[in-house]
Amino acid sequence: MKNKQDFPNINERTPDGQKPDGTSYRVLIVDDSMFVTKQISQILTSEGFDIVGTASDGQEGYEKYKEQYPNVDFVTMDITMPRMDGVTALEKIIEFDKDAKVIMISALGKQDLVKKSLLIGAKNYIVKPLDRAKVLERILMSIR
Amino acid sequence: MRVEYINPFVEAAFNIIKEVVDSDINRGELYLKSTSQPVLGVAAIVGLAGDVEGRVLFDMNEATALKIASEMNGEEMAEFDDMAKATITELANMITAQAITKLHELGFTFDLTPPAIFTGTNMEVSDTGVEALIVPIEMSQGKMEINVAVRER
């Protein structure tokens, strides 16, 4: 009699949020919109990423990064935010940890700020509206 | 008011709504208003200042706003709470960003305020010295009016 182990299981795909050692990638989400934060969280947790923190402006994002360091693998960073914008927060995070992996989340029409971010050291960027495939592709490209 | 200002908002609304709300969408007849106009119940307002100045309203009733927010969140939302407001704000953000990109390409330069959401009943909006152009948009979730009042500086 054949048992279950004899059949390959198509569901046994490693989730994208898992590192080769089996642990989850840890992410800090910085965005002033609770809708966008929820959207990114849902996409990432469904793939096994671990959300280690969220922040609603650049200042809080920078502080949380320092707090969590080195237990954070990457950051998603909105560009337009109150108190401290995402480009300034990126600058501060890179100053603190030159190997930080930061992915910018941008509205359309912010090409100049996206370019500036990439020059400062952002690993990649995602233009809104966000969709699952685009978010996962850009993030995996930047962290693997 | 020149129609160049309004077309990018209408085009952007079509593109973004199709992409994020998954809606059948049709444009109604656009009309001009120079007196005050009723606001449907939930209105996201974005201010413009620069070569052109004025404001854009994305206006709908609460039931429609709730249906749109539910669709964008992928879950049924029962009340128009903070998450629903954040969702409609983000919708206004995305539409405006795309429209502005188009207007910048056409050579108009100006800045935007972040969207603010007004909710309530019996509200009206009045613009002094500038006509408002209103574009009704019919979606499966209900009607949204894009209400643009801008003038050259």
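Before going into details, it helps to say that this report is about the structure given with it.

Each value, and the rule that gives it
- Residues numbered from 1 in each chain as written.
- Chains lettered and ligands numbered in written order.
- Predicted model: local features only at pLDDT ≥ 70, side-chain atom pairs only at ≥ 80, totals over all residues.
- Heavy atoms only, no water.
- Helix = DSSP H or I, 4+ residues; strand = E, 2+ residues; numbered from the N terminus.
- Contact = heavy atoms within 4.5 Å.
- Areas by Shrake-Rupley, 256 points an atom, 1.4 Å probe, with all protein chains shown as cover.
- Lys, Arg positive; Asp, Glu negative; His and termini not counted.
- Charge placed at Lys NZ, Arg CZ, Asp CG, Glu CD.
- Buried area = accessible area lost by both parts, 1.4 Å probe.
- Salt bridge = Lys/Arg side-chain N within 4 Å of Asp/Glu carboxyl O.
- Polar contact = N/O pair within 3.5 Å; in protein donor to acceptor, adjacent residues only side chain to side chain.
- Nonpolar A, V, L, I, M, F, W, Y, C, P; charged D, E, K, R; others polar.
- Pairing = 2+ DSSP bridges.
- Axes fitted to C-alpha atoms, helices over the stretch in contact; angles between N-to-C directions.
- Buried < 20%, exposed > 50% of the residue type's maximum accessible area, 1.4 Å probe, protein only.
- Right-handed = clockwise from strand over helix to strand, strands pointing away.

**Details of the overall build of chain A**
- Looking only at helices and strands, one finds five helices and five strands in chain A.
- Seen in sequence order, chain A has helices and strands lined up from the N terminus as β-α-β-α-β-α-β-α-β-α.
- Considering only C-alpha atoms, chain A reaches an extent of 65 × 30 × 25 Å along its principal axes.
- Counting contacts in chain A only where the partners sit at least 6 residues apart, residues at least 24 apart contribute 65% of the total.
- Surface summary for chain A: the accessible area is close to 7700 Å², and the carbon and sulfur share equals 49%.
- Across chain A, 21 positive and 22 negative side-chain charges occur, with their mean positions spaced 3 Å apart.

**A look at the interface of chain B and chain A**
- With 15 residues of chain B at the interface, the matching set in chain A holds 11 residues.
- For the pairing of chain B and chain A, the buried interface totals around 1200 Å² over both sides, and the portion due to carbon and sulfur atoms is 67%.
- On the chain B side of the interface with chain A, the three residues burying the most area are Met83(B), Glu90(B) and Thr101(B), jointly 37% of the side's total.
- Where chain B packs against chain A, one counts two salt bridges.
- Residue Glu90(B) pairs with Lys128(A) through a salt bridge whose shortest N-O separation is 3.1 Å.
- Counting across the interface, chain B meets chain A through three residue pairs in polar contact (both at pLDDT 80 or more).
- Take the side of chain B that touches chain A: its biggest share by element is nine residues, from helix α3 (residues 82-105) of chain B.
- Looking at the side of chain B that touches chain A residue by residue, the class counts come to seven nonpolar, four polar and four charged.

**Describing the sheet that holds strand β5 (residues 124-127) of chain A**
Residues and elements named next belong to chain A.
- Spatial ordering of the open sheet is given by β2-β1-β3-β4-β5, a layout of five strands whose pairing is parallel. In the strand order of this sheet, the two ends are held by β2 (50-55) and β5, each with one partner. Each strand axis lies, on average, 20° off the axis of its neighbour in the sheet, ignoring direction.
- Both strand β1 (residues 26-30) and β2 contribute to a ladder of five bridges, which runs parallel.

**A look at the side chain of Arg55(B)**
All names here are of chain B.
- Its location among the elements puts arginine 55 in strand β5 (residues 52-60).
- Within the local environment of arginine 55, its side chain forms a polar contact with the side chain of asparagine 147, the two groups lying 2.8 Å apart.
- If near-sequence neighbours (up to four positions away) are discounted, arginine 55 is found in contact with Gln37, Ile45, Val46, Gly47, Leu48, Val125, Asp127, Ala132, Asn147, Val148, Ala149 and Val150.

**A look at the pairing of strand β4 (residues 102-106) of chain A**
Residue and element names in this part refer to chain A.
- In terms of burial, β4 is a largely internal element, five of the five residues being buried.
- Looking at chain direction, strand β3 (residues 74-78) and β4 are connected through four bridges and run parallel. Each residue of the ladder has a partner; that of methionine 77, found in β4, is methionine 104.
- Note on the crossover from β3 through helix α3 (residues 86-96) to β4: the handedness is right-handed.
- Strand direction decides the pairing type here: β4 and β5, joined by four bridges, are parallel.

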